[in-house]
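# Structural characterization, general
Chain by chain, the residues run as shown.
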Amino acid sequence: MNSTATALRFDRSRFRDVLSRFCTGVTIVSAVHDGRPVGFACQSFASLSLDPPLVSYAVAETSTTGPRIEQAGAFCATVLGADQGDLCRGFGRSGADKFAGVAWSPADGTGSPRIAGGLAWVDCRVETVIPAGDHRIVVGRVVDLHTPENAEDAGPLLYYRGGFLGPHTVPGPAAA
């Protein structure tokens, strides 16, 4: 018998519903691949280690942007503010030029895109990639990080039950 089938006593929709109740911050993970900026919206970004300074994020195996970032060997994670929900939605779509009309500058350490208006950014080199089910966990070694002065008064963009929580809560399909 399939060990996954015996271990799981629930379906995917229940798994997704229960875990959607864990509120997360939102980042845009970005890099420069073949001379062009690439990136995606990511709510799985996390601090991993202080010594050495490491962060991680998870990306779906089906992502076309994930492998490009891994091939670039570096990335910058921009922590989004509460007013950046539309920007996040744009980076959550596949196929479009996600950087069209988006202000960014290259990070000093890696040249990866730092998205303007973020609450913070963390510039990293890819340390390792770990297969994990239908995702890959990317571990990055922090080479630089910064919080803009004006970010002190801003709140974070939060993701909860398929929608954003911010100054104007936008319910997702599960929270409607």
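Residues numbered from 1 in each chain as written. Predicted model: local features only at pLDDT ≥ 70, side-chain atom pairs only at ≥ 80, totals over all residues. Heavy atoms only, no water.

Extensive coverage of strand β6 (residues 74-79) is indicated by the burial of 5 of its 6 residues. Bridge count between strand β2 (residues 27-33) and β6: 4 bridges; the pairing is antiparallel. Its bridge partner being in β6, Thr27 is matched across the sheet by Val79. With 6 bridges connecting them, β6 and strand β9 (residues 120-132) associate as antiparallel partners. Across the sheet, the residue bridging to Val79 is Ala120, located in β9. (Buried < 20%, exposed > 50% of the residue type's maximum accessible area, 1.4 Å probe, protein only. Helix = DSSP H or I, 4+ residues; strand = E, 2+ residues; numbered from the N terminus. Pairing = 2+ DSSP bridges.)

Right, let's talk about the packing of aromatic side chains for a bit. Here the structure, examined in full by the defined rule, presents 5 aromatic pairs. Three or more aromatic residues joined by ring pairs form one cluster here, namely Phe40, Tyr57 and Phe75. (Phe/Tyr/Trp six-rings, centres within 6.5 Å; stacked < 30°, edge-to-face > 60°.)

So, about the sheet that holds strand β3 (residues 36-42). Pairing in this open sheet of 7 strands is antiparallel, and the strands run β3-β2-β6-β9-β10-β5-β4 from one edge to the other. Looking at strand neighbours, the two that pair on one side only are β3 and β4 (46-49), the edges of this open sheet. Ignoring which end each strand starts from, the neighbouring axes of this sheet average 35 degrees apart. By the bridge criterion, 7 bridges tie strand β5 (residues 54-60) to strand β10 (residues 135-146) in an arrangement that is antiparallel. Looking at the pairing, Ala58 lines up with Ile137 of β10. Set on the sheet, helix α3 (residues 65-72) makes contact with β2, β3, β5, β6, β9 and β10; between it and β2 the angle comes to about 60 degrees. (Axes fitted to C-alpha atoms, helices over the stretch in contact; angles between N-to-C directions. Contact = heavy atoms within 4.5 Å.)

Let us look at the side chain of Asp123. Relative to the assigned elements, Asp123 resides in strand β9. Nearest to the buried, unbridged Asp123 among oppositely charged side chains is Arg125, at 6.7 Å. A distance of 3.3 Å separates a polar atom in the side chain of Asp123 from the backbone nitrogen of Gly109. Setting aside residues up to four positions removed in sequence, Asp123 forms contacts with Phe75, Cys76, Ala107, Asp108, Gly109, Thr110, Ser112, Arg141, Val142, Val143 and Asp144. (Lys, Arg positive; Asp, Glu negative; His and termini not counted. Salt bridge = Lys/Arg side-chain N within 4 Å of Asp/Glu carboxyl O. Polar contact = N/O pair within 3.5 Å; in protein donor to acceptor, adjacent residues only side chain to side chain.)

It is worth spelling out the nonpolar core at this point. Judged by nonpolar contacts, the single largest core of 15 residues is most densely connected at Val29, Phe40, Val55, Tyr57, Ile69, Phe75 and Cys124. Of all elements in the fold, only β2, β3, β5, β6, β9 and β10 reach the threshold of two or more residues within this core. Not counting chain neighbours up to four residues away, the residues in contact with Val29 comprise Val38, Gly39, Phe40, Cys42, Tyr57, Ile69, Phe75, Cys76 and Ala77. Leu80, Cys88, Phe99 and Phe164 belong to the second-largest nonpolar core, a separate cluster that totals 11 residues. (Core = buried A, V, L, I, M, F, W, Y, C linked by side-chain atoms within 4.5 Å.)

All right, on to the pattern of salt bridges then. Considering all chains together, one arrives at 6 salt bridges under this definition. For the salt bridge of Glu61 with Arg136, the shortest nitrogen-to-oxygen distance reads 3.0 Å. Within this pair, whereas Glu61 is found in the loop between β5 and α3, its partner Arg136 is found in strand β10, the two being separated by 75 residues in sequence. With a relative accessible area of 39%, Glu61 lands in the partly exposed category. Residue Arg136 is classed as buried on the basis of its relative accessible area, which comes to 10%. A salt bridge links Glu70 to Arg136; its shortest N-O distance comes to 2.9 Å. Here Glu70 is found in helix α3, whereas its partner Arg136 is found in strand β10, with 66 residues between them in sequence. If you follow the salt bridges from partner to partner, you end up with Asp17, Arg21 and Arg161 in one network.

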